[in-house]
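# Survey of secondary and tertiary structure
Letter by letter, the chains look like this.
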Amino acid sequence: MKERMLITGGNALEGEVRVSGGKNTAVAVIPAMLLSSEPCTIENLPDIEDVHALVDILRSLGAKVTYVPGEFLTVDPRPAEGYEVSYRDSQRLRASYYLIGALLGRCGKARVASPGGCEIGSRPIDQHLKGFMSLGAEAEERGGMINARCDSLTGGDVFFDMVTVGATINVMLAAAKAKGTTIIYNAAKEPHIVDLANFLNSMGAKIKGAGTDVIRIRGQQSLHGCTYAVIPDQIETGTLMIAAAATRGDVIIRGCIPQHMEALTAKLLEMGVKVSDSDDAIRVRTLGAHRAVNVKTQVYPGFPTDLQQPMSALLTTAHGTSIVTETIFEQRFKHLDEIRRMGARVRVVGRMAIIEGVPQLYGAPVTTTDLRAGAALVVAGLMAKGVTEIYEPEYIDRGYEHIEQKLRALGADIQRETI
Ligand code: EPU
């Protein structure tokens, strides 16, 4: 059944909101449960489509799963004999490729259909395959399937050609149970890499250096059960901060990690937004006009590509001209075509968007093309005059837990209806 979201813009968001568990941590930690020789429990998982898809995949592999959305996920991987993830399952999310690293580590073989996920660029997986091969596996992508196998995984040196979150995670998963030590050079440093390392270490893995660009993994023969809570979602936190600023509201975001938000906080301050934080909360409010700023996406701790889309929506009404440069994914400006329909003045030249601030956006029918594009359209809808109809809001459900309820509790006029 098709749905659309309806937002009547103009309400300033006010009050307090709690951040959910991190999506990009959850999608790495759930496949990692397959590496254990005992049941594991994960808490604080966001209740989102990507998590539901992975839970279904673990069940299809034969794991014993108890899942209470919003509460916990317990997985006993011992009965899991499967090593194949079908096209249908794999297409439900990008992170299905983490099953390759996890299954290689678990049973030395994996057959996973090429992943789905958001269309934001070409998204090759050559570095993942190169990493597995550095550990002694055969790995290839052919006919829409990724096949990997090995007699025994052996630790090795892995040099990535570029900083890649996905390949760093995938090699960590495979290496956790390889014989000997793996060293990943040019590793990604995102908070969810550190969280995955903490989870694996709670299972008895020996991983050092996560959060730096060299990660050392001493493989273990077996990993044990544990209970673990994932970190709060950095991108949901950022999206809520941007939404608060966009509506000239006053919002306290609780349960977040302010240190993970420094790149965004710096940009919001530069725009003239008031941002203050305490241990696990951030307050965002706007008193005067927003100034235009330039934003360039970078790997952590730089400005996250996942916040580029909501941020560029916010900049469409800032005073002056902003230049947004997207360095990670080449097709991550599709949301701007939609926001242009709402009155934004934007020109995209290659990897650069030149945004000339206008005084006001106006509600219009728009279509979501990917998860964060959806978040950007929600931000635009909240600031616009009149009603914004957002088609294909299901993309947003892949990564934002109960977004309408959270925004409604802050005073937004937002609903969803079946069409
Ligand atoms: N790349 C390659 N070869 C590879 C791997 C990556 O050329 O083998 C390139 C990519 O094309 C891209 C760059 O390297 O240009 C970085 O890609 P990365 O591997 O870091 O991204 P990813 O693993 O595909 C994850 C998140 C994305 C997030 C990026 C960057 C998951 C499931 N996905 O993607 O999240 O944007 O890291 O932080 O964790 C989202 O949440 O909306 C989302 C897209």
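No experiment lies behind these values; they were computed from the predicted model shown.

What counts, and where the lines are drawn
Residues numbered from 1 in each chain as written. Predicted model: local features only at pLDDT ≥ 70, side-chain atom pairs only at ≥ 80, totals over all residues. Heavy atoms only, no water. Core = buried A, V, L, I, M, F, W, Y, C linked by side-chain atoms within 4.5 Å. Buried < 20%, exposed > 50% of the residue type's maximum accessible area, 1.4 Å probe, protein only. Helix = DSSP H or I, 4+ residues; strand = E, 2+ residues; numbered from the N terminus. Contact = heavy atoms within 4.5 Å. Pairing = 2+ DSSP bridges. Near = heavy atom within 4 Å. Polar contact = N/O pair within 3.5 Å; in protein donor to acceptor, adjacent residues only side chain to side chain. Areas by Shrake-Rupley, 256 points an atom, 1.4 Å probe, with all protein chains shown as cover. Domains from an automatic or database assignment. Buried area = accessible area lost by both parts, 1.4 Å probe. Salt bridge = Lys/Arg side-chain N within 4 Å of Asp/Glu carboxyl O. Nonpolar A, V, L, I, M, F, W, Y, C, P; charged D, E, K, R; others polar. Axes fitted to C-alpha atoms, helices over the stretch in contact; angles between N-to-C directions. Lys, Arg positive; Asp, Glu negative; His and termini not counted. Patch = residues over 30% accessible without salt bridge, like charges linked within 9 Å, V, L, I, M, F, W, Y side chains within 5 Å. Parallel < 35°, antiparallel > 145°, perpendicular 65-115°, else oblique.

Within the largest apolar cluster, 76 residues are counted, with the highest numbers of intra-cluster contacts made by Leu58, Leu73, Leu99, Met172, Leu196 and Phe199. Of all the elements, helix 6 (residues 165-175) adds the most residues to this core, at seven residues. Apart from the residues lying within four places of it in its own chain, the contact partners of Phe199 are Val29, Ala32, Met33, Cys40, Ile42, Cys226 and Tyr228. Judged by nonpolar contacts, the second largest core, of 65 residues, contains Ile339, Ala364, Ala376 and Ile414.

Moving on, we get to the sheet that holds strand 21 (residues 352-356). With respect to topology, four strands assemble into an open sheet ordered 18-19-21-20, the strand pairing being mixed. Each having just a single partner strand, strand 18 (295-296) and strand 20 (345-349) make up the two edges of the open sheet. The sheet contact formed by strand 18 and strand 19 (residues 321-325) spans two bridges and is parallel. Across the sheet, Val295 pairs through a bridge with Val324, a residue of strand 19.

Looking now at the site of the ligand. Every one of the 25 residues lining the ligand counts as a neighbour, but Lys23, Gln127, Asp306, Ile328 and Arg372 are closest to it. Lys23 is positioned with one of its side-chain polar atoms (N or O) 2.7 Å from an oxygen atom of the ligand. Take Thr164: an N or O atom from its side chain is 2.8 Å from an oxygen atom of the ligand. Notes on the ligand: free accessible area 830 Å², of which the protein chains cover 91%. Looking at which element gives the most residues to the shell around the ligand, the answer is helix 5 (residues 126-134), with three residues. Shared between two domains, the shell around the ligand holds at least three residues of each, these being domain 1 (3-20 + 232-418) and domain 2 (23-229).

Bringing the domain arrangement of the protein chain into the picture now. Once the domains are mapped, the protein chain shows domain 1 (3-20 + 232-418) and domain 2 (23-229). A separation of 30 Å is found between the C-alpha centroids of domain 1 and domain 2. Listed as interface residues are 22 residues of domain 1 and, on the opposing side, 21 residues of domain 2. Carbon and sulfur atoms supply 54% of the area that domain 1 and domain 2 bury against each other, a total of about 1900 Å² over both sides. Joining domain 1 to domain 2, the criterion identifies zero salt bridges. The class makeup of the residues in the side of domain 1 that touches domain 2 is six nonpolar, six polar and ten charged.

Bringing the sheet that holds strand 15 (residues 250-254) into the picture now. If you walk across this open sheet you meet the four strands as 2-15-17-16, and the pairing is mixed. Each edge of the sheet is formed by a strand with only one pairing partner; in this case those strands are strand 2 (14-18) and strand 16 (274-278). Direction aside, neighbouring strands of the sheet carry axes that sit 15 degrees apart on average. Pairing of strand 15 with strand 17 (residues 281-285) involves five bridges; the strand directions are antiparallel. Each bridged residue has a counterpart across the sheet, and for Val251 the counterpart in strand 17 is Val284.

One turn of the α-helix equals 3.6 residues, which is why residues spaced by three or four share an orientation. With respect to burial, helix 4 (residues 98-107) is a largely interior element, eight of its ten residues being buried. Looking at helix 4, one finds that the buried residues are Tyr98, Leu99, Ile100, Gly101, Ala102, Leu103, Leu104 and Gly105.

Our focus in this paragraph is the side chain of Asp89. The topology assignment puts Asp89 in helix 3 (residues 87-90). It turns out Asp89 is buried and unbridged, and the closest side chain with the opposite charge, Arg92, is 4.5 Å from it. In this structure Asp89 touches Ile57 and Ser60, once residues within four positions along its chain are discounted.

Right, let's talk about a nonpolar patch on the surface for a bit. A grouping of Val163, Val299 and Ile328 is seen on the molecular surface, where their side chains present a nonpolar patch of about 170 Å² in accessible area. Mapped onto the secondary structure, Val299 falls in the loop between strand 18 and helix 10 (305-315). Look at Val299 and you get partly exposed, because its relative accessible area is 33%.

Time to look at the packing of helix 1 (residues 23-32) against helix 2 (residues 49-60). Across the interface, helix 1 lies against helix 2 with an axial gap of 10 Å and an inter-helix angle of 5 degrees. Between helix 1 and helix 2, the interaxial angle falls into the category roughly parallel. Along its contact with helix 1, which presents Lys23, Ala26, Val27, Ile30 and Pro31, the element helix 2 presents Asp50, Val51, Leu54 and Leu58. Residues belonging to the contact of helix 1 with helix 2 are distributed by class as follows: seven nonpolar, no polar and two charged.

With that settled, the discussion passes to helix 5. Taken together, the buried positions of helix 5 are occupied by Gln127, His128, Leu129, Gly131 and Phe132. For helix 5, the secondary structure elements touched by its buried residues are helix 4, strand 8 (138-142), strand 9 (145-149), strand 10 (157-159) and helix 6. Downstream of helix 5 by a residue or two, Gly136 has a phi angle that is positive, lying close to 95 degrees.

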